[in-house]
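# Geometric and topological summary
Spelled out, the chains give:
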Amino acid sequence: MTTTIALITGANRGIGLATARQLGARGMTVLVGARDAARGRAAERALRDGGADARAVPLDVTDEASAAAVAELVEQEYGHLDVLVNNAGILRADGTALPSETTLATLREVFETNVFGVVAVTNALLPLLRRAPAARIVNVSSEVGSIAVMTDPAGALFALTSVPYPTSKTALNMVTAMYAKELRDTRIKVNAANPGYCATDFNGNSGFRTAEQGAEVSVHLATLPADGPSGLLWGFQMDAGGGYGVLPW
Ligand code: NAP
């Protein structure tokens, strides 16, 4: 039986680590993308201690050479890739997070990781995903990238005004939709995940969901059956009472 191989970016902590743990528990070989080698090794150890077949791989998503090196490693060692979870992401804002306070430096920094990094890593790995029997790409996005959610005066997120992070996730949503269109006649499905507000370092552990709960969303999309959807933003629905489902763009 061929081993199922999953690569998760930013998997050394937070939702990415939880995603690696859950995919590992399903019997997948999990490649733990980490930009810092020591943090990657620590995550690999923790996952292995929990019984997962885990292997740390150096990957800074803002570095195209790093993405190419991971693709080379996967090619040499496994010959294909079944699951790519583009999970690595950063949150930055200037001042009190008003649009008028936004600096281009911050905007560029956030887009480098949250948007350009996803395109770089996806394009590097796509030839290997095409070789898998039923590959799944999961782009970890957010409901704050949904223009419909963010502009609903009755919605819980209407008060948020920041530009860098929300616009990066809006762009990521469109990236997801465009890849899904390109790949619609293949066996590859591409979806965006909304983990919901999860307690991680990302937000000073202020989220009301756990990283494990956030990871459930990515795992669902990473294990969709052949008749599952492609080209959706799916996950936690805060304004719909907290269930899981399709979110509006
Ligand atoms: P986190 O705890 O801050 O972890 C972020 C991970 O991304 C870390 O492993 C970090 O590595 C990695 N990373 C950052 N920049 C990277 C780069 N250039 N190359 C490779 N890895 C990089 O965040 P999280 O809460 O788990 O968030 C994971 C994803 O969920 C993000 O895309 C985020 O936007 C999304 N999300 C989170 C929430 C939430 O409430 N937490 C809600 C919606 C969406 P280092 O350890 O080296 O920094």
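One can find the structure itself at the top, above this paragraph.
To keep things clear, this report deals only with the structure shown in the data block. Just so you know, these numbers come straight off a predicted model, no measurement behind them.

What follows deals with the site of the ligand. As a matter of local geometry, the ligand sits amid 29 residues, with Arg13, Arg35, Asn87, Tyr165 and Thr200 nearest to it. The side chain of Tyr165 places a nitrogen or oxygen atom 2.6 Å from an oxygen atom of the ligand. Between the ligand and Asn203, the relevant distance is 3.2 Å, taken from an oxygen atom to a side-chain nitrogen or oxygen of the residue. About the coverage of the ligand: the protein hides 96% of its 890 Å² of free accessible area. Under a 2 Å grid-point criterion requiring more than half of the atoms, the pocket assigned to the ligand is the largest pocket. Residue assignment for the shell around the ligand shows that the elements contributing at least two residues are α1 (14–25) and α6 (164–182). Looking at the shell around the ligand residue by residue, the classes come out as 11 nonpolar, 12 polar and 6 charged.

With 27 residues, helix α4 (residues 104–130) should cover 39 Å at 1.5 Å per step; its first-to-last C-alpha distance of 36 Å lies within 8% of that length. When the local axis directions of α4 are compared, the greatest deviation, roughly 45 degrees, occurs at Glu112.

What follows deals with the layout of surface pockets. Quantified by volume, the largest pocket comes out at close to 1,100 Å³. Lining the largest pocket are 45 residues; nearest its centre among them are Gly89, Ile90, Leu91, Tyr165 and Phe202. Broken down by secondary-structure element, the contributors of at least two residues to the lining of the largest pocket are α1 and α6. Classifying every residue of the lining of the largest pocket by side-chain character gives 20 nonpolar, 17 polar and 8 charged. Approximately 190 Å³ is the volume found for the second largest pocket.

Next up on the list: the environment of Ile147. Here Ile147 is to be found in helix α5 (residues 147–150). Put simply, Ile147 and Pro248 are 101 residues apart on the chain and 8.1 Å apart in space, counted from C-alpha to C-alpha. If we skip the residues at most four places from it in the chain, Ile147 touches Thr170 and Trp249.

We now examine the nonpolar core. In terms of nonpolar packing, the biggest core is built from 31 residues, with Leu7, Leu81, Leu84, Leu125, Leu129, Ile137 and Ile188 touching the most fellow members. For this core, the secondary-structure elements that each account for two or more residues are β1 (5–8), α3 (64–77), α4 and α6. The element best represented in this core is α4, accounting for 8 residues. Leave out the neighbours within four places in its chain, and Leu125 touches Leu7, Ala71, Val74, Leu81 and Leu84.

Here the focus is helix α7 (residues 211–222). Between the first and last C-alpha of α7 there are 16 Å, a value that for 12 residues agrees with the 16 Å anticipated at 1.5 Å per step. If you check which residues of α7 are buried, you get Ala211, Gly214, Ala215, Val217, Ser218, Val219, Leu221 and Ala222.

On the secondary structure map, Asn173 appears in helix α6. Looking at Asn173, its side chain comes within polar contact range of the side chain of Ser141, at 2.7 Å. Once residues lying within four places of it in the same chain are set aside, the contact partners of Asn173 are Ser141, Ser142, Gly145, Ser146, Ala192, Leu233 and Trp249.

Another aspect to go through is the packing of aromatic side chains. Per the stated rule, a full pass over the model turns up 5 aromatic pairs. Arranged with centres 5.5 Å apart and planes meeting at 65 degrees, the rings of Tyr165 and Phe202 form a pair that is edge-to-face. Within this pair, whereas Tyr165 is found in helix α6, its partner Phe202 is found in the loop between β6 (189–194) and α7, the two being separated by 37 residues in sequence. Under the relative-accessibility criterion, Tyr165 is labelled buried at 10%. What makes Phe202 partly exposed here is its relative accessible area of 34%. Where Phe208 meets Phe236, the ring centres are 6.0 Å apart and the plane angle is 55 degrees; that geometry is what we call tilted.

Looking now at the packing of α1 against α7. A pair of packed helices is captured by two measures, namely the crossing angle of their axes and the spacing between those axes. Running from amino to carboxyl end, α1 crosses α7 at an angle of 55 degrees, the nearest separation of the two axes being 8 Å. Comparing their axes, α7 and α1 come out oblique. Crossing hand, α1 versus α7: right-handed. Mapping the contact onto sequence places Gly14, Ile15, Ala18, Thr19, Arg21, Gln22 and Leu23 in α1 and Ala211, Glu212, Gly214, Ala215, Glu216, Ser218, Val219 and Ala222 in α7.

With that out of the way, let us pick up the packing of α4 against α6. In the contact formed by α4 and α6, the axes pass within 9 Å of each other and the chain directions differ by 20 degrees. As far as their axial angle goes, α6 and α4 are roughly parallel. Considering only the axes of α4 and α6, their crossing is right-handed. In this structure, α4 uses Thr106, Leu107, Val110, Phe111, Asn114, Val115, Val118, Val119, Thr122, Asn123, Leu126 and Arg130 to contact α6, whose residues at the interface are Pro164, Tyr165, Thr167, Ser168, Lys169, Ala171, Leu172, Val175, Tyr179 and Glu182. Of the residues in the contact of α4 with α6, the class split is 13 nonpolar, 6 polar and 3 charged.

Reading guide: rules and limits
Residues numbered from 1 in each chain as written. Predicted model: local features only at pLDDT ≥ 70, side-chain atom pairs only at ≥ 80, totals over all residues. Heavy atoms only, no water. Near = heavy atom within 4 Å. Polar contact = N/O pair within 3.5 Å; in protein donor to acceptor, adjacent residues only side chain to side chain. Areas by Shrake-Rupley, 256 points an atom, 1.4 Å probe, with all protein chains shown as cover. 1 Å grid on protein atoms, 1.4 Å probe; cavity = no way out; pocket = protein on both sides within 12 Å on 5 of 7 lines; lining within 4 Å. Sits in = over half its atoms within 2 Å of the grid points. Helix = DSSP H or I, 4+ residues; strand = E, 2+ residues; numbered from the N terminus. Nonpolar A, V, L, I, M, F, W, Y, C, P; charged D, E, K, R; others polar. Expected span 1.5 Å × (residues − 1). Bend = angle between axes of the 7 residues up to and from the residue. Points joined across faces, edges and corners; volume = space filled by probe spheres on them. Contact = heavy atoms within 4.5 Å. Core = buried A, V, L, I, M, F, W, Y, C linked by side-chain atoms within 4.5 Å. Buried < 20%, exposed > 50% of the residue type's maximum accessible area, 1.4 Å probe, protein only. Phe/Tyr/Trp six-rings, centres within 6.5 Å; stacked < 30°, edge-to-face > 60°. Axes fitted to C-alpha atoms, helices over the stretch in contact; angles between N-to-C directions. Parallel < 35°, antiparallel > 145°, perpendicular 65-115°, else oblique. Left-handed = near helix turned anticlockwise from the far one by under 90°.

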